[in-house]
Amino acid sequence: MTVKQTRYQSIFETAIDGVILINDRGLIEDINEAALHLFQYDKNELVGQNVSVLVPKPHTQKHDSYLQAYQKTGEAKIIGIGREVSGLKKSGEEFPFRLAVSEYQHQGVTYYTGIIHDLTKQKEYEAYIKQYSQQLEKKVAERTQLLEQEISLREEAQQALLKSQKLYETISVNFPNGSITVLNNNLDIVFIEGSELKKFGYGTEKLLGRSYVELLPPEVVDVVKEHLQAVCNGVERSFEFKIADRTYLARCVPLFGPKNRIEQILMVETNITPQKQAEEEIYNALQQEKRLNELKTRFVSMASHEFRTPLSSILSSAGLIERYTEKAQNESRVKHVQKIKRNVHNLNMILNDFLSLEKIEGGLIKNNPEEIDLREFVEEVKEEAEAITKKGQGINCQFMHNQDHYLLDSFLLRNTLNNLLSNAVKYSEKDVAILTKEEEGSLVISIQDQGIGISKEDQRGLFNRFFRASNSTNIQGTGLGLNIVKRYAQIMEAEVTFESEINKGSTFSLVFNLQNT
Ligand code: ADP
């Protein structure tokens, strides 16, 4: 063997791939160890055999015809190309391999060398990869389906949520006459909506995260805080509070989170101002009705007493006048006529007072200012009052006001001055003065007497209805006059002031703001 032959022989024997050498008739000339191992034959079992024993059906029979066709046409189906084919082991088991065939000539004979590269492992691996990827694909497909289902469910849920959110939002934004607020345990605003917010000029965004109580007026903070803290401790609360001239009713419930812990407070606030106003009006009307009823009851009991004295005095004077038939008795007759007049005046005053109070209580008396000549007006009032002055008692006027005319309600002013003048005349024996002046932006009209005066103690109750000072009980009176004076003054937007000293006299003044007169 030449060196070259030895080299080839060694490669042939030790090659990892199988090598089979066949002649042009398809008979195996030689086969290496690797091929024998693959086909599981001994060498002597194969050498001289047709190579088709190593080819599985249906190719077994056809192998010769493949060879012949190639030899005839020279058209190679495999030579120099290499392809994947199946081999047949001695055991009958088939296995895949890659076959590369080459041909060569030796001494006029064509030989073919087939190199067999076992693909069993590769095929197994490929099959495993294929199966694995199929499984993966299946899993991916299943997951995708699940995911799609999940997405569509989530989308549906989201749609439903959006729909309900939209609904809640619409409800809360338009919540009539109030607002819906959610606070956390620190009383910070977590949610706030409602038509009432517009009144405060607040946008929801500006309120979120802010402390609720800090938005309230200082005077209600403590009360509201106390209620909200009680709600934080699990107590439902309803309470009212005022912001400016509006009254709100707040109804609060705790909101429980996981583990049944109170995490938030739900507060529904309603503006109940109209209801409150109606309530107040009804209450005031009721109070007024009550006062009027009381007044009537008191008046009836007072009048039955106060009317008796002047009426019996009138009766006795009338009886006397009847008897004074002589001319010489003229003076006595005049005296009793005067007495009757005074008593009638008193009765008239009592009735007037009562009617005035009834009208005031009924809200029927309004201020109707008109231009009046103050001097002329006061002179008139003075003349009327002179009818009730006592013997030797005069009424003096002292005018120190600046303007001729003032804007004043003549009815209210006349009644007020009449009341004050009749008191001054009644509670004194000496002259009475009417003084007018302008002082520090005010018009002041005062009635001054030098009579019994009013003790400091009695001065406190002076303007209360039916009040009578302790030093005047033997002088006729109802205790209504000064109350009426005060109420009339209020209607005229004037103030009543007084100064008095016991046994020295009293001065009652009406003080008008010059800007109003
Ligand atoms: P009346 O004079 O009918 O009792 P008033 O309401 O006018 O009722 O007065 C209440 C009380 O005030 C009087 O009863 C009297 O005690 C006291 N009073 C009012 N004016 C004077 C006055 N000029 N001098 C002293 N006391 C007065």
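Predicted model only: the values in this text are computed from it and were never measured.

(A) Layout of the pattern of salt bridges. Evaluated as defined, the whole model comprises 17 salt bridges. A salt bridge links aspartate 30 to lysine 43; the shortest N-O distance between them is 3.1 Å. Linking aspartate 30 in strand β2 (residues 28-31) with lysine 43 in helix α3 (residues 43-46), this pair joins segments that are 13 residues apart in sequence. Exposure remark for aspartate 30: the relative accessible area of 18% places this residue in the buried category.

(B) Region of the structure containing the nonpolar core. Formed by 51 residues in total, the largest nonpolar core has its most connected members in Leu413 and Phe512. In terms of residues, this core owes the most to one element, helix α13 (residues 410-426), which gives seven residues. Leave out the neighbours within four places in its chain, and leucine 413 touches Ile372, Leu374, Phe377, Leu408, Ile445, Met492, Leu510 and Phe512. One finds Leu187, Tyr212, Leu216 and Val220 within the second-largest nonpolar core, a separate group that totals 23 residues.

(C) Looking closely at unusual backbone geometry. At glutamine 40, a residue that is not glycine, the phi angle is positive and equals roughly 60 degrees. By secondary structure assignment, the location of glutamine 40 is in the loop between α2 (33-39) and α3. Given a relative accessible area of 40%, glutamine 40 falls into the partly exposed group. The backbone of lysine 259 shows a phi angle near 65 degrees, a positive value even though the residue is not glycine. The exposed category is assigned to lysine 259, whose relative accessible area is 77%.

(D) Region of interest: helix α9 (residues 273-306). Its 34 residues give α9 an end-to-end C-alpha distance of 46 Å, which sits within 8% of 50 Å, the value for a rise of 1.5 Å per residue. Those residues of α9 that sit buried are Thr273, Leu292, Leu295, Phe299, Met302, Ala303 and Glu306. On the buried face of α9, the contacting elements are β9 (246-256), β10 (262-271), α10 (308-323) and α11 (330-361).

(E) Seen up close, the sheet that holds strand β12 (residues 395-400). Within the open sheet, the five strands sit side by side as β12-β14-β15-β17-β16. Their pairing is mixed. The open sheet terminates on both sides in strands that have one partner only, identified here as β12 and β16 (494-501). Averaged over all adjacent pairs, the angle separating strand axes in this sheet is 15 degrees, with direction ignored. Here strand β15 (residues 442-448) pairs with strand β17 (residues 505-513) via seven bridges, running antiparallel. Residue pairing across strands places valine 444 opposite valine 511, the latter belonging to β17. Running at roughly 35 degrees to β15, α13 makes contact with β12, β14 (432-439), β15 and β17 of the sheet. This element, helix α15 (residues 481-491), spans β16 and β17 of the sheet and lies at about 145 degrees to β16.

About the thresholds
Residues numbered from 1 in each chain as written. Predicted model: local features only at pLDDT ≥ 70, side-chain atom pairs only at ≥ 80, totals over all residues. Heavy atoms only, no water. Salt bridge = Lys/Arg side-chain N within 4 Å of Asp/Glu carboxyl O. Helix = DSSP H or I, 4+ residues; strand = E, 2+ residues; numbered from the N terminus. Buried < 20%, exposed > 50% of the residue type's maximum accessible area, 1.4 Å probe, protein only. Core = buried A, V, L, I, M, F, W, Y, C linked by side-chain atoms within 4.5 Å. Contact = heavy atoms within 4.5 Å. Expected span 1.5 Å × (residues − 1). Pairing = 2+ DSSP bridges. Axes fitted to C-alpha atoms, helices over the stretch in contact; angles between N-to-C directions.

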